[in-house]
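Remarks on the overall topology
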Amino acid sequence: MSLTTERSTLTPDPTSDSGAVPVLAVSAGDEVYGFPLSSVREILVAPPIAEVPRAPESVLGVISVRGQIVTLLDLPKTLKLQAAEVVPYGRVILIDNGEELIGVAVDSVIQVYRMEPGQIEYASGMSAELSDYVVGVGRLPTTDEGAEGDMIILIDPVSLLGG
């Protein structure tokens with residue numbers, strides 16, 4: 001994934017003079033993930049799931065959203081993370097890449113953060129090998145002087161949707 005591709009998935013807020021990127025923070029398992037707000041269509045309470053025979057392990061099934069059938073992914077399994085325990089998910093984030101709509105099951109929605117360019121470290125600048133679905137890591141500001149803020153793993157919705 002090139003730096004240009006990475007940056008294009010995190011679209012800055014057009015009203016921001018600093019180039020801040022709005023990111024929806026969600027929790028899944030023990031981690032906090034961020035989706036570019038520009039790709040989030042809707043947040044739903046967990047609807048009933050219809051299982052799909054022989055689907056990949058990361059696919060929980062399909063859901064119906066106002067008559068449209070939407071594939072539902074388990075975020076930790078999609079990212080190939082080991083879950084300590086299986087917990088029922090609480091929310092579904094509908095992600096749109098312009099070509100496809102997909103649901104992502106998460107434990108909870110935290111809030112929308114405005115990530116300044118200096119708070120984002122892109123995957124190409126990191127030495128560790130990251131998943132194909134990760135754009136980079138965002139660091140949240142803290143109120144304590146000298147303390148480091150919490151981190152958010154920034155997800156690339158285009159890669160997540162197989163685009």
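Scope of this entry: the structure provided in the associated data block.

Calculation rules
Residues numbered from 1 in each chain as written. Predicted model: local features only at pLDDT ≥ 70, side-chain atom pairs only at ≥ 80, totals over all residues. Heavy atoms only, no water. Helix = DSSP H or I, 4+ residues; strand = E, 2+ residues; numbered from the N terminus. Contact = heavy atoms within 4.5 Å. Pairing = 2+ DSSP bridges. Axes fitted to C-alpha atoms, helices over the stretch in contact; angles between N-to-C directions. Salt bridge = Lys/Arg side-chain N within 4 Å of Asp/Glu carboxyl O. Buried < 20%, exposed > 50% of the residue type's maximum accessible area, 1.4 Å probe, protein only. Core = buried A, V, L, I, M, F, W, Y, C linked by side-chain atoms within 4.5 Å.

Let's talk about the overall build of the protein
On a plain count of helices and strands, the protein comes out with three helices and eleven strands. Written out in order from the N terminus, the α and β elements of the protein read α-β-β-β-β-β-α-β-β-β-β-β-β-α. Of all intrachain contacts in the protein linking residues separated by at least 6 positions in sequence, the fraction that spans at least 24 positions is 55%.

Topic: the sheet that holds strand β6 (residues 91-96)
Strand order in the open sheet formed by five strands is β3-β6-β7-β5-β4, and the pairing between neighbours is mixed. A strand with exactly one partner marks an edge of an open sheet, and here the two such strands are β3 (40-45) and β4 (59-65). Along the sheet, successive strands turn relative to each other by an average axial angle of 30 degrees, direction set aside. Bridging between β3 and β6 involves five bridges; their strand directions are antiparallel. Bridge pairing in β6 links Ile43 to Ile93.

Digging into the pattern of salt bridges
For the structure on display, the rule yields two salt bridges. Between Arg41 and Asp96 there is a salt bridge, and its shortest N-O distance comes to 2.8 Å. Placement of the pair is Arg41 in strand β3 and Asp96 in strand β6, with a sequence separation of 55 residues. Assessed through its relative accessible area of 22%, Asp96 is described here as partly exposed. A salt bridge links Glu42 to Arg66; its shortest N-O distance comes to 2.5 Å. Within this pair, whereas Glu42 is found in strand β3, its partner Arg66 is found in the loop between β4 and β5 (68-74), the two being separated by 24 residues in sequence. With relative accessibility at 67%, the residue Arg66 sits in the exposed group.

Focus on the nonpolar core
Formed by 18 residues in total, the largest nonpolar core has its most connected members in Phe35, Leu75, Ile95 and Leu160. When residues of this core are traced back to their parent elements, those giving at least two are β1 (21-28), β2 (31-36), β6 and β7 (101-106). Non-local contacts of Phe35, meaning those with residues more than four positions away in its chain, are made with Pro22, Val23, Leu24, Val26, Val40, Leu75, Ile95, Val104, Ile155 and Leu160. By size, the runner-up hydrophobic cluster in this structure holds eleven residues, among which are Val21, Val23, Ala25 and Ile120.

Regarding the pairing of strand β11 (residues 151-155)
In regular strands, side chains alternate between the two faces of the sheet. Across two bridges, β2 lies against β11 in parallel orientation. Looking at the pairing, Gly34 lines up with Leu154 of β11. Pairing of strand β10 (residues 134-139) with β11, which is carried by five bridges, proceeds in the antiparallel orientation. What sits directly across from Gly136, in β11, is Leu154.

Details of the sheet that holds strand β9 (residues 120-122)
Taken together, the six strands give an open sheet; going across it, the order is β8-β1-β2-β11-β10-β9, and neighbouring strands pair in mixed fashion. Whereas interior strands pair on both sides, the edge strands pair on one side only; in this sheet they are β8 (108-115) and β9. On average, each strand axis in the sheet is inclined to that of its neighbour by 30 degrees, with strand direction left out of account. Bridge analysis of β1 against β8 gives seven bridges, and the strand direction is antiparallel. Its bridge partner being in β8, Val21 is matched across the sheet by Met115.

Concerning the environment of Glu57
Looking at the element boundaries, Glu57 is found in the loop between β3 and β4. Separated by 20 residues in sequence, Glu57 and Lys77 have C-alpha atoms that sit 7.1 Å apart.

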